[in-house]
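# A look at the structure
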Amino acid sequence: MLALSLEKSFPGFRLAVALEVQEGEVLALLGPSGSGKSTLLRLIAGLLSPDKGFVRFRDQDLTPLPPERRGVGFLFQDYALFPHLTVAENLAFGLVEARWPKAAREDRVEELLRRMELTPHARKRPQELSGGEQQRVALARALAPRPRLLLLDEPLGALDLRLREELLLFLRRTLRAEGITTLVVTHDQEEAFLLAGRVAVMREGRLVQVGRPEEVYTRPQDAWTARFLGHKNLLSPEESQALGLPPKPHLLPPQALGLGGPLRGKVEERLFFGARVGLWVRAKGVRLYLEAPAGPEEGTEVGLHLDPKRAVAFGG
Ligand code: ADP
Ligand code: MG
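Residues numbered from 1 in each chain as written. Chains lettered and ligands numbered in written order. Predicted model: local features only at pLDDT ≥ 70, side-chain atom pairs only at ≥ 80, totals over all residues. Heavy atoms only, no water.

Looking only at helices and strands, the chain features 9 helices and 17 strands. Along the longest, intermediate and shortest principal axes, the C-alpha atoms of the chain span 70 × 45 × 30 Å. Counting the 316 residues in the chain, one finds 47% classified as buried. In the chain, the proportion of contacts linking residues at least 24 apart, taken out of those at least 6 apart, comes to 63%. When the accessible surface of the chain is totalled, it reaches about 15700 Å², and 50% of it is carbon and sulfur. In the chain, 44 positive and 40 negative side-chain charges are present, and the distance between their average locations comes to 2 Å. (Helix = DSSP H or I, 4+ residues; strand = E, 2+ residues; numbered from the N terminus. Buried < 20%, exposed > 50% of the residue type's maximum accessible area, 1.4 Å probe, protein only. Contact = heavy atoms within 4.5 Å. Areas by Shrake-Rupley, 256 points an atom, 1.4 Å probe, with all protein chains shown as cover. Lys, Arg positive; Asp, Glu negative; His and termini not counted. Charge placed at Lys NZ, Arg CZ, Asp CG, Glu CD.)

With that out of the way, let us pick up the nonpolar core. Among the nonpolar cores identified, the biggest contains 44 residues, and Met116 and Leu152 are the most heavily contacted of them. Ignoring sequence-local partners within four residues, the contact set of Met116 consists of Arg136, Leu139, Ala140, Leu143, Phe170 and Thr174. (Core = buried A, V, L, I, M, F, W, Y, C linked by side-chain atoms within 4.5 Å.)

It is worth spelling out the pairing of strand 10 (residues 206-211) at this point. Taken together, the 5 bridges between strand 9 (residues 198-203) and strand 10 define a ladder with antiparallel strand orientation. The residue bridging Val201 from the neighbouring strand is Gln209, located in strand 10. Adjacent in sequence and paired antiparallel, strand 9 and strand 10 are bridged by 2 residues, among which Glu204 carries a positive phi angle near 45 degrees. (Pairing = 2+ DSSP bridges.)

Another point: the domain arrangement of the chain. Entries for the chain in the domain assignment read domain 1 (2-226) and domain 2 (232-313). Considering only the surface of domain 1 that becomes buried against domain 2, Tyr217, Thr218 and Arg219 emerge as the three largest contributors, covering 65% of it. Residues of the side of domain 1 that touches domain 2, tallied by class, amount to 4 nonpolar, 1 polar and 1 charged. (Domains from an automatic or database assignment. Buried area = accessible area lost by both parts, 1.4 Å probe. Nonpolar A, V, L, I, M, F, W, Y, C, P; charged D, E, K, R; others polar.)

Another aspect to go through is the site of ligand 1. Around ligand 1, the structure places Phe10, Phe13, Pro32, Ser33, Gly34, Ser35, Gly36, Lys37, Ser38 and Thr39. Between ligand 1 and the protein, one listed contact pairs an oxygen atom with a backbone N or O atom of Gly34 at 2.7 Å. Surface burial for ligand 1 is 56%, taken as the share of its 560 Å² of free accessible area covered by protein chains. Looking at the shell around ligand 1, the element that brings in the most residues is helix 1 (residues 37-45), giving 3 residues. (Near = heavy atom within 4 Å. Polar contact = N/O pair within 3.5 Å; in protein donor to acceptor, adjacent residues only side chain to side chain.)

Here the focus is the sheet that holds strand 1 (residues 2-10). Spatial ordering of the open sheet is given by 2-1-4-5, a layout of 4 strands whose pairing is antiparallel. Across the chains shown, the open sheet's two edge strands, defined by having one partner strand only, are strand 2 (13-21) and strand 5 (60-61). Where strand 1 meets strand 4 (residues 52-57), 6 bridges bridge the pair, whose relative direction is antiparallel. Residue pairing for strand 4: Leu4 is matched across the bridge by Val55. Its contacts with the sheet place helix 1 against strand 1, strand 2 and strand 4, and it is angled at close to 120 degrees to strand 1. (Axes fitted to C-alpha atoms, helices over the stretch in contact; angles between N-to-C directions.)

What follows is about helix 3 (residues 102-115). Compared with an ideal rise of 1.5 Å per residue, which puts 14 residues at 20 Å, helix 3 spans 20 Å between its outermost C-alpha atoms and is within 8% of the ideal. Along helix 3, the residues that are buried comprise Arg108, Val109, Leu112 and Leu113. In a view along the axis of helix 3, the buried residues occupy a sector of 135 degrees, so they form one face of it. Opposite the buried face of helix 3, at more than 90 degrees from it, the exposed residues are Ala103, Asp107, Glu110 and Arg114. (Expected span 1.5 Å × (residues − 1). Arc of directions from axis to C-beta.)

On to the environment of Pro293. Checked against the element boundaries, Pro293 lands in the loop between strand 15 (286-292) and strand 16 (301-306). Since its relative accessible area comes to 71%, Pro293 is described here as exposed.

We now examine the packing of aromatic side chains. One pass over the structure, following the stated rule, counts 6 aromatic pairs. Ring centres of Phe74 and Phe76 lie 5.2 Å apart, and the angle between their planes is 50 degrees; on these two criteria the pair is classed as tilted. Residue class for Phe76 comes out buried when judged on its relative accessible area of 2%. If you follow Lys232 out to its NZ or CZ, it ends over the ring of Tyr289, 4.9 Å from the centre. Lying over the aromatic face of Phe273, Arg276 brings its terminal NZ or CZ to 4.3 Å of the ring centre. (Phe/Tyr/Trp six-rings, centres within 6.5 Å; stacked < 30°, edge-to-face > 60°. Lys NZ or Arg CZ within 6 Å of the ring centre and 35° of its normal.)

Counted by the stated rule, this structure contains 19 salt bridges. The partner of Lys8 in a salt bridge is Asp51, with the nearest N and O atoms 3.9 Å apart. Placement of Lys8 in strand 1 and of Asp51 in the loop between helix 1 and strand 4 is noted, with a sequence separation of 43 residues between them. Measuring nitrogen to oxygen at the nearest pair gives 2.5 Å for the salt bridge that ties Glu25 to Arg198. (Salt bridge = Lys/Arg side-chain N within 4 Å of Asp/Glu carboxyl O.)

Viewed as axis vectors pointing N to C, helix 2 (residues 87-97) and helix 4 (residues 131-143) meet at an angle of 25 degrees, and their least axial separation amounts to 7 Å. Between helix 2 and helix 4, the interaxial angle falls into the category roughly parallel. The two elements helix 2 and helix 4 meet at a crossing, and its hand is right-handed. Of the residues in helix 4, those in contact with Val87, Asn90 and Leu91 of helix 2 are Val137, Ala140 and Arg141. Class assignment for the residues of the contact of helix 2 with helix 4 results in 4 nonpolar, 1 polar and 1 charged. (Parallel < 35°, antiparallel > 145°, perpendicular 65-115°, else oblique. Left-handed = near helix turned anticlockwise from the far one by under 90°.)

Given below as structure tokens:
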């Protein structure tokens, strides 16, 4: 198990986080830009020292150790590949450092090249590769020495949409196959939900909610978290009351609202996304958003069903 409790201050910013991650677990750190995600990862890697606190892994105190002695594999946005080394040499680098015997090194590099579909590029240098290929090399390099703990900072950042989707599924399979305890930072909720067994939402240097992806998404702990996760149906006490809910702020997650039912509404906006249609519907004076595989035209009267058991009440 990874256990940590860390504090670090910069002018105008303070991080204070306590967290436990189980062996083999993938935990995603999700938060807006500037919330302290990279700082937390750097503290765990030992690239930054905390003002206060500790990092323990499998009952070993990592806090006093320099980065190279922590057994931690990491992929940071600004840690580029070695430009003068080939792809295979980049992958072997950490293995040489860790004094792997030559035969074991060659086997491991070959295995990773194959798994990451990089075999045809083994002898190329990083600048001869596309962005997605480089990112795969960086990931393979982090995985190569079989780190006990893997830290990934926006591993799919700066990739175009198609590559991102491809690499996301690839990363998901790899993390599961390797069974390494992993912390992965992202600002993209879908990425976090797909990769991780648990997600931790970070805001202004603190963890505001930690839980399984479905739990966090369907029951965010406050309106800020709900909005950050992309929810649109945040109701004021008055709007809640108009829809038959108690007079408190509520969230209607997608599971709480659907087409077909007794609540009368009118489609004000219809957004065609391709695989789905987004509808802004006004019902009892409240603008509600829902998505469906297909949907009626703007101006159409529709019936909605609202499941009050799935509405989330916030304090206040
Ligand atoms: P994130 O990765 O979530 O975008 P960061 O951890 O990079 O956030 O940054 C969190 C805050 O700490 C920001 O306000 C940033 O400006 C500040 N910060 C990060 N690193 C340093 C540093 N080395 N010196 C001073 N301030 C820093
Ligand atoms: Mg960052």
